[in-house]
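Given next are the chains, with one letter for each unit.
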Amino acid sequence: MHDINAIRNAPDAFDAALATRAVAPQAAALLAKDDERRAAIATAQELQTRRNEASKKIGQAKGQGDEAEAHRLMDEVAGLKDELQKAEEAERAIRAELTDMLAALPNLPLDDVPVGEDEASNVEIRRHGEGKVGSLEHFEIGEKLGMDFEVAAKLSGARFVVLRNHMARLERALANFMLDLQTGQSGYGEVNVPVLVRDDAVYGTGQLPKFTEDLFRTENGYWLTPTAEVTLTNLVREAITDAALLPLRFAALTQCFRSEAGSAGRDTRGMIRQHQFAKVELVSIVDADSGPEELERKTECAEAVLQQLGLPYRVMQLCTGDMGFGARKTYDLEVWLPGQNAYREISSISYCGDFQGRRMNARYRAEGEKATQYVHTLNGSGLAIGRTLVAVLENYVNEDGSVTVPGVLVPYMGGISKIEAA
């Protein structure tokens, strides 16, 4: 959500920033609607003043024994009450229209974000490890080891998987390893959160109203969370946090649910793009000055998972046209998949500024200060577990079709160091 006062102070800069995200100029329409809102407020205030003055005169008229004037004034007050109610309703409607207009607009990129239309303009920041070329994709490896798409299709349809025996344990090992690493080494506090939420929670992080078609909704009105970013970020909604407590760093292991409405025909085989998947999510709540530094820290925390697993990857800075709706700056971690002979996204780490804080009315107050400021938020995967499983299979497959378990996962696998076909 954008600050209308900031737009009023620099309308040209606002439109120029939107242009980098392929959005037409909006400042004039927004300011016109805000002028309409201000005029409605002024009308309501004028009516309230007239009503208060008339109310005072009623007592004076009665004190002077002028009952006719008192009755006339009472009629005037009653009429002003009706007018005031209509004026207040009009102001609320205009304010709601302005809020909807602002809520539909993406966040503004930071100045150091490369300008571009799509992923072709993303910039590689660094690379870690050398990727080998393979001949087998993960589903070709996994189907012999306990990865079952056929049964999953019978149960739920396309874009689901059933994992059996050591494959199921490997996914659980990855999840526990990631969570232990982020809560131990990286200092995130573990949180167990719901996966069913109300409208306000999904609106607060920006999935609603723009991305309704990408979400699953139950018949009784709950949304299935597409990521724990929704629940973790909303932990501070409609609250004022003491600045001394910042930064807050949360981690959660949850199931995530996405309809993948915009990805028809993409990654239809395998575990790359599923309707249901597990993920360790990392969220930070910081003050107005700490966001860019926290973004670098969070990226390193996600990288640590890949480094300890021995998986080659690269860090990409996304351009303005490829960033998510709520982001001001984003790094993607792309892991090397030998079977595809390509890097694929495994984590997206974003700094959102106060964009989500405004939508959630989440604020903080510095010591000794009366005024509050909106919190700044960051989110990122640490990591997507299914895609990490894919990367482990393709990078650790042996010539005989078995898969070597990365050393850091062996304790989580009960000492199993190799997965072989039953």
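Residues numbered from 1 in each chain as written. Predicted model: local features only at pLDDT ≥ 70, side-chain atom pairs only at ≥ 80, totals over all residues. Heavy atoms only, no water.

Enquirer: Would you take a moment to explain the sheet that holds strand S14 (residues 363-365) for this structure?
Expert: Strands belonging to one sheet form pairs held by backbone hydrogen bonds; the direction of such a pair is parallel or antiparallel. Sheet architecture is open: three strands sit in the order S8-S14-S15, paired in mixed fashion. Strand pairing shows two members of the sheet lacking a second neighbour, strand S8 (240-242) and strand S15 (373-374), which therefore form its edges. Inspection of the sheet shows S14 paired to S15 by two bridges, in the antiparallel sense. Residue pairing across strands places Tyr364 opposite Gln373, the latter belonging to S15. (Pairing = 2+ DSSP bridges. Helix = DSSP H or I, 4+ residues; strand = E, 2+ residues; numbered from the N terminus.)

Enquirer: It is not clear to me how the sheet that holds strand S5 (residues 196-197) should be interpreted in this structure. Could you clarify?
Expert: Strand order in the open sheet formed by three strands is S5-S7-S6, and the pairing between neighbours is antiparallel. Unpaired on one side and paired on the other, S5 and strand S6 (216-217) mark the two borders of the sheet. One ladder, built from two bridges, connects S5 with strand S7 (residues 223-224); its direction is antiparallel. Within the sheet, the bridge partner assigned to Val197 lies in S7 and is Trp223.

Enquirer: What is the right way to read the pairing of strand S12 (residues 329-337) from this model?
Expert: Regular strands place side chains that alternate from one sheet face to the opposite one. When you tally the buried positions in S12, you get nine out of nine residues, the bulk of the element. Alternating residues of S12 divide into Lys329, Tyr331, Leu333, Val335 and Leu337 and Thr330, Asp332, Glu334 and Trp336, and every residue in both groups is buried. Across five bridges, the pairing between strand S11 (residues 313-317) and S12 is antiparallel. Looking at S12, one finds that Arg314 is bridged to Glu334. Pairing analysis gives nine bridges linking S12 to strand S13 (residues 342-351), with the strands arranged antiparallel. What sits directly across from Leu333, in S13, is Ser347. Hairpin connection between S12 and S13: a loop of four residues separates the two successive antiparallel strands, and Asn341 in this loop has a positive phi of roughly 55 degrees. (Buried < 20%, exposed > 50% of the residue type's maximum accessible area, 1.4 Å probe, protein only.)

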